[in-house]
Amino acid sequence: MTSSAIAVSGLRKAYKDKVVLDGIDLEVQAGTIFSLLGPNGAGKTTTVNVLTTLVKADGGSVRVAGHDVATEARAVRAAIGVTGQFAAVDELLTGRENLQLMVDLSGIPTRDGGRVVTGLLERFDLAESAQKPASTYSGGMRRKLDLAMTLVGDPRIIFLDEPTTGLDPRSRRTMWSIIRDLVADGVTIFLTTQYLEEADQLADRIAVLDQGRLVAQGTPDELKRQIPGTHVRLRFTTVAELDAAARVLSDSTRDDEALALRVPSDGGTASLRALLDRLDEYAISAEGLSVQTPDLDDVFLALTGNRTPEVSAK
Ligand SMILES: Nc1ncnc2c1ncn2[C@@H]1O[C@H](COP(=O)(O)OP(=O)(O)OP(=O)(O)O)[C@@H](O)[C@H]1O
Ligand SMILES: [Mg+2]
């Protein structure tokens, strides 16, 4: 018995002689949010397309909801919902009609359909615009309608390919809270994003994809710890204390203006204790201490884009 909602191993995909996915291994536990990060062209949408049965892999194995995408595509499709990178909303239909269309396609009995549509319109704050054609919706409304359409049929695993691209900060937060509510209900989310803050806020685990390979995987904190730059910042009230501390902690860097000292550290409890013990030993007291970790932007820049492409387009 396994609780993985998605299990991928050795996934490969090429378009002609261009390798797009070069042996991807990943596992997503049920009821968690997994975020795939990567620069433009890294292969995120291709991964989503293979996992959602839209594109056939060249090699490897992919199981979604316990089913093999290659041989049990129908069972996979029954378990998942997909919101693509580009909204699947029909511009000519109203919000209500778009949702009704999904209800009709999903085989929900007609007598329940109206209730499902109304419920989703309310949940996504679209009830007032329900009778207007989607062509008159703002980008954020369209995104919300798109996600609402994905939720028809109550999928247990949802793929979201850049769900908040182009949204303003408030709409993005609304989307985040909808995603969190889904996970609280036990839904599994596979999310791609360009926004590292989004992955940081939402994801239980993150994988960084670059040129078709996973270059890192872990919790947001694990990833931040992988790159150098984590340090402890000590603040002092007097120059004398700063001087004393700088003498004791010889590998530190001083910031005289802020009366602060930057001490390289992994930020773990053991090294913090050792650091404090050392200050104590010399009777130096710091006014404040904070552990500074690189943010995901630093991680992303350190991990992606710097390598020579092995498969060149030219
Ligand atoms: N149908 C296709 N035919 C040929 N090449 C393709 C096809 N689909 C994708 N590619 C190529 O595969 C690579 C990965 O594309 P993909 O859309 O998966 O990237 P992505 O990570 O989603 O990028 P973005 O952040 O821009 O959405 C790109 O180099 C792209 O040109
Ligand atoms: Mg994409």
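Residues numbered from 1 in each chain as written. Chains lettered and ligands numbered in written order. Predicted model: local features only at pLDDT ≥ 70, side-chain atom pairs only at ≥ 80, totals over all residues.

In the nomenclature of an unreviewed UniProt entry, the chain is known as Daunorubicin/doxorubicin resistance ATP-binding protein DrrA of Micromonospora lupini str. Lupac 08.

Engineer: Explanation requested: helix 6 (residues 169–184) in the structure shown.
Structural biologist: Structurally, the α-helix is built with 3.6 residues per turn, so residues lying three or four positions apart point the same way. Helix length check: helix 6, at 16 residues, gives a terminal C-alpha distance of 22 Å against a target of 22 Å (1.5 Å per residue), a fit within 8%. Among all positions in helix 6, only Met175, Ile179 and Leu182 are buried. Viewed along the axis of helix 6, the buried residues span an arc of 55°, placing them on a single side of the element. For helix 6, exposure combined with an orientation more than 90 degrees from the buried face picks out Pro169, Arg170, Ser177, Asp181 and Ala184. Structurally, helix 6 contributes buried residues whose contacts are with strand 3 (33–37), helix 5 (139–151), strand 7 (157–161), strand 8 (188–193) and helix 7 (196–202). Where helix 6 terminates, the next one or two residues include Gly186, which has phi positive at roughly 95°. (Helix = DSSP H or I, 4+ residues; strand = E, 2+ residues; numbered from the N terminus. Expected span 1.5 Å × (residues − 1). Buried ≥ 20, exposed ≤ 12 C-beta atoms within 10 Å, placed from the backbone. Arc of directions from axis to C-beta. Contact = placed C-beta atoms within 7 Å.)

Engineer: Explanation requested: the nonpolar core in the structure shown.
Structural biologist: In a soluble, globular protein the nonpolar side chains are often hidden away together inside. Ranked by size, the top nonpolar core spans 50 residues in total, and within it Leu51, Val64 and Ile189 carry the most contacts. In terms of residues, this core owes the most to one element, strand 2 (residues 18–29), which gives 5 residues. With near-sequence residues (within four places) excluded, Leu51 lies in contact with Ile6, Val62, Val64, Val69, Phe159 and Phe190. Counting residues in each nonpolar core, the second largest holds 19 residues, with Ala87, Tyr137, Leu151 and Val152 among its members. (Core = buried A, V, L, I, M, F, W, Y, C linked by C-beta atoms within 7 Å.)

Engineer: When you look at the sheet that holds strand 1 (residues 4–15) in this model, what are you seeing that I'm missing?
Structural biologist: Strands belonging to one sheet form pairs held by backbone hydrogen bonds; the direction of such a pair is parallel or antiparallel. One open sheet holds the 4 strands; their spatial order is 2-1-4-5, and the pairing between them is antiparallel. Looking along the sheet, the strands with just one partner apiece sit at the ends: strand 2 and strand 5 (67–68). Inspection of the sheet shows strand 1 paired to strand 2 by 9 bridges, in the antiparallel sense. The residue of strand 2 that forms the bridge with Ile6 is Val28. (Pairing = 2+ DSSP bridges.)

Engineer: For this particular structure, what's the right way to read the site of ligand 1?
Structural biologist: Taken together, Tyr15, Val20, Gly38, Asn40, Gly41, Ala42, Gly43, Lys44, Thr45, Thr46 and Gln85 make up the full set of residues near ligand 1. Looking at the shell around ligand 1 element by element, the count peaks at 3 residues for helix 1 (residues 44–51). Tallied by class, the residues present in the shell around ligand 1 amount to 3 nonpolar, 7 polar and 1 charged. (Near = placed C-beta within 6 Å. Nonpolar A, V, L, I, M, F, W, Y, C, P; charged D, E, K, R; others polar.)

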